[in-house]
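Structural description and commentary
Here is what each chain is made of, one letter per residue.
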Amino acid sequence: QVQLVESGGGLVQPGGSLTLSCAGSQSIFSRDALMNWYHEAPGKERELVATFSRGGGRTHLDSKKGRFTISRDTTTNTLYLQMNSLKPEDAGVYYCMVQYRGSIYWGRGTQVTVSS
């Protein structure tokens, strides 16, 4: 059974950093997979914040550029989101999503709280 498990969330002060991880099954952590991080702020719709494309390119939401970085390690089947200079509006639940061979897989999310 395919599983994605996020971790690394928590409470951080404004300006702080967190690194989120998404561990997945080997069968979908392929270079042919499209891998994404989404952010769901309280009361708002889930929003795509970063993508690791099949060709290896990386894109980030404009409001996160320079602060967030998506990366992956196919040897350990892990997707990462490095988040720096965190702001209160970055708080919420972060989800990883993988598209592979016509199927879409979601993790259950990890909570990020940004507060002093």
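What to know about unusual backbone geometry
- In this structure, Asn77 is a non-glycine residue whose phi angle is positive, near 55 degrees.
- On the secondary structure map, Asn77 appears in the loop between strand 7 (68-73) and strand 8 (78-83).
- Unusually for a residue other than glycine, Arg101 sits at a positive phi of about 50 degrees.
- Position of Arg101 among the secondary structure elements: in the loop between strand 9 (92-100) and strand 10 (103-106).
- Note on Arg101: relative accessible area 72%, which makes it exposed.

Details of the environment of Gly55
- With respect to the element layout, Gly55 can be found in the loop between strand 5 (47-52) and strand 6 (58-60).
- Classification of Gly55 as exposed rests on a relative accessible area of 77%.
- Considering only alpha carbons, one finds Gly55 and Lys44, 11 residues apart in sequence, at a separation of 31 Å.

Details of the nonpolar core
- Among the nonpolar cores identified, the biggest contains 26 residues, and Trp37, Leu79, Leu81, Met83, Tyr94 and Val98 are the most heavily contacted of them.
- Within the residue set of this core, elements represented by two or more residues are strand 3 (18-24), strand 4 (34-40), strand 5, strand 7, strand 8, strand 9 and strand 11 (110-114).
- Considering each element in turn, this core owes the most residues, 4 residues, to strand 9.
- Ignoring sequence-local partners within four residues, the contact set of Val98 consists of Leu4, Ile28, Phe29, Ala33, Leu34, Met35, Ser103, Ile104 and Tyr105.

Overview of the environment of Thr75
- Of note, Thr75 is situated in the loop between strand 7 and strand 8.
- Sequence-wise, Thr75 and Gly109 are 34 residues apart; in three dimensions their C-alpha atoms are separated by 22 Å.
- There is a polar contact of 2.4 Å between the side chain of Thr75 and the side chain of Asp73.

Let's talk about the sheet that holds strand 1 (residues 4-7)
- Spatially, 4 strands are ordered 1-3-8-7 in an open sheet, and the strand pairing comes out antiparallel. The open sheet has two edge strands, strand 1 and strand 7, and neither has a second partner. Each neighbouring strand pair of the sheet contributes to a mean axis angle of 15 degrees, computed without reference to strand direction.
- Relative to strand 8, strand 7 runs antiparallel, the two being bridged by 6 bridges. Of the residues in strand 8, the one forming a bridge with Ser71 is Tyr80.

So, the side chain of Arg72
- Structurally, Arg72 can be placed in strand 7.
- No salt bridge is formed by the buried Arg72. Its closest oppositely charged neighbour is Asp32, at 8.1 Å.
- Not counting the four nearest positions on each side in its chain, Arg72 is found in contact with Ser30, Arg31, Ala33, Met35, Phe52, Ser53, Gly56, Thr78, Leu79 and Tyr80.

What counts, and at which threshold
- Residues numbered from 1 in each chain as written.
- Predicted model: local features only at pLDDT ≥ 70, side-chain atom pairs only at ≥ 80, totals over all residues.
- Heavy atoms only, no water.
- Helix = DSSP H or I, 4+ residues; strand = E, 2+ residues; numbered from the N terminus.
- Buried < 20%, exposed > 50% of the residue type's maximum accessible area, 1.4 Å probe, protein only.
- Core = buried A, V, L, I, M, F, W, Y, C linked by side-chain atoms within 4.5 Å.
- Contact = heavy atoms within 4.5 Å.
- Polar contact = N/O pair within 3.5 Å; in protein donor to acceptor, adjacent residues only side chain to side chain.
- Pairing = 2+ DSSP bridges.
- Axes fitted to C-alpha atoms, helices over the stretch in contact; angles between N-to-C directions.
- Lys, Arg positive; Asp, Glu negative; His and termini not counted.
- Salt bridge = Lys/Arg side-chain N within 4 Å of Asp/Glu carboxyl O.

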